[in-house]
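Examination of the molecular architecture
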Amino acid sequence: MTMRRVAASLVPPWLEHLLTTPFFFTCPSHSDAARSECNMYCLDCSSSASGGSSGAFCFYCRSDRHSGHRVIQIRRSSYHDVVRVSEIQKALDITGVQTYVINSARVLFLNERPQTRASAKAAASPHTCEICSRSLLDPVRFCSLGCKLVWIKRDGDASFVPKGGGENDEPASESGRAEEDIERLPDRREGSREGSRHVIGFSAPASSSSSSSFPSSRRRKGFPHRAPFGS
């Protein structure tokens, strides 16, 4: 009981429900609409959502029922739910959780991802999650919000409660990239090669000496002139 009381003081009341909420199903109220996928979650309505509603809703439900509320959008990376750091850090302290860059946006995973022994061995790293032992790219403690929640419930030496008015002051890591989504990111090396070719093509104009050194056989000849008949 003591552990539960400590965890309640360190964890927002909506977090556990968010981590168990299913997303990406068709909204029954807007099934014929173009943006009917339920991929949004309201932090202010979590108490009513836990009373029987799914908790997830679509773009149109947000306009109808959650205007002015704190709403986050859940996205998916390789069939796993993620949320953008810029959205969740306003309501949650994400210190110690690994972040990744996917499609130019910094995100983090909601829950632990299963891993095989082969993948774990291939991604060997000196940094691992303190709950599931997943290899991490940066010297942080957890691979997801779910693993941090398990740690808080067990030991209580971390917190999800934002410090200083709700903004997380932890600097974003520049090295974190989701290994399964790297191919979606623009290849900077390829871009640099294209740039160098562009510079080479326009920074070295042909000199007059090189233009005059073409062999005469390549020059376009005029029409031949025949001698007059009878000459």
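Described in the following lines is the structure provided in the data block. From a predicted model like this one, the values you see are computed outputs, not experimental measurements.

As a further point, take the packing of aromatic side chains. For the structure shown, the criterion picks out four aromatic pairs. Relative to Y60, the ring of F59 has its centre 5.3 Å away and its plane inclined at 80°; by these criteria the two rings are edge-to-face. The ring of F109 has R113 sitting right over it, with the charged end atom 3.8 Å from the ring centre. Taking the ring centre of F160 as reference, the NZ or CZ of K148 above it sits at 4.8 Å.

Time to look at the pattern of salt bridges. Inspection of the entire model under this criterion finds seven salt bridges. One salt bridge in this structure joins E87 and R75, with 3.4 Å as the shortest N-O distance. One end of the pair, E87, is in helix 5 (residues 85–88); the other, R75, is in strand 3 (residues 71–77), with twelve residues separating them in the sequence. Classification of E87 by relative accessible area gives partly exposed; the value is 23%. Classification of R75 by relative accessible area gives partly exposed; the value is 22%. Salt bridges linked by common partners bring E130, R141 and D157 together as one network.

Residue placement: E16 occurs in helix 2 (residues 15–20). Separated by 133 residues in sequence, E16 and L149 place their C-alpha atoms 8.2 Å apart. With residues near it in sequence (within four places) discarded, E16 still touches L149 and K153.

Before going further, it helps to spend a moment on the nonpolar core. Grouped together as the largest cluster of nonpolar side chains are 43 residues, with contacts concentrated most on W14, L15 and L145. Counting residues per element, the ones that place at least two in this core are helix 2, strand 1 (40–42), strand 2 (56–57), strand 3, helix 5 and helix 7 (145–154). Those residues within four positions of L15 in sequence are excluded, and the remaining contacts are L92, L149 and F160. Residues V82, Y100, V107 and F109 belong to the second largest nonpolar core, which totals five residues.

How each quantity is defined
- The residue numbering used here restarts from 1 in each chain and proceeds along that chain's sequence as written.
- Only residues with pLDDT of at least 70 are given local features in this predicted model, and only at 80 or more are side-chain atom pairs given and counted; all residues enter the totals for whole chains, interfaces and linings.
- Water and hydrogen atoms play no part in the side-chain values, which are based on all heavy atoms of the structure.
- Think of it this way: a Phe, Tyr or Trp ring, Trp meaning its six-membered ring, pairs with another when their centres are within 6.5 Å, and the plane angle makes it stacked under 30 degrees, edge-to-face over 60, tilted otherwise.
- By the criterion adopted, a ring carries a charge over it if an Arg CZ or a Lys NZ lies within 6 Å of its centre and within 35 degrees of its normal.
- Put simply, a salt bridge is a Lys or Arg side-chain nitrogen that is within 4 Å of an Asp or Glu carboxyl oxygen.
- A run of DSSP states H or I qualifies as a helix once it reaches four residues; a run of E qualifies as a strand once it reaches two. Both are numbered from the N-terminal end.
- The rule is simple: take the accessible area with a 1.4 Å probe, protein chains only, and divide by the maximum for that residue type; under 20% is buried, over 50% is exposed, in between is partly exposed.
- Whether two residues are in contact is decided by their heavy atoms, any of which lying within 4.5 Å being enough.
- What makes a nonpolar core is a set of buried Ala, Val, Leu, Ile, Met, Phe, Trp, Tyr and Cys residues whose side-chain atoms join them at distances within 4.5 Å.

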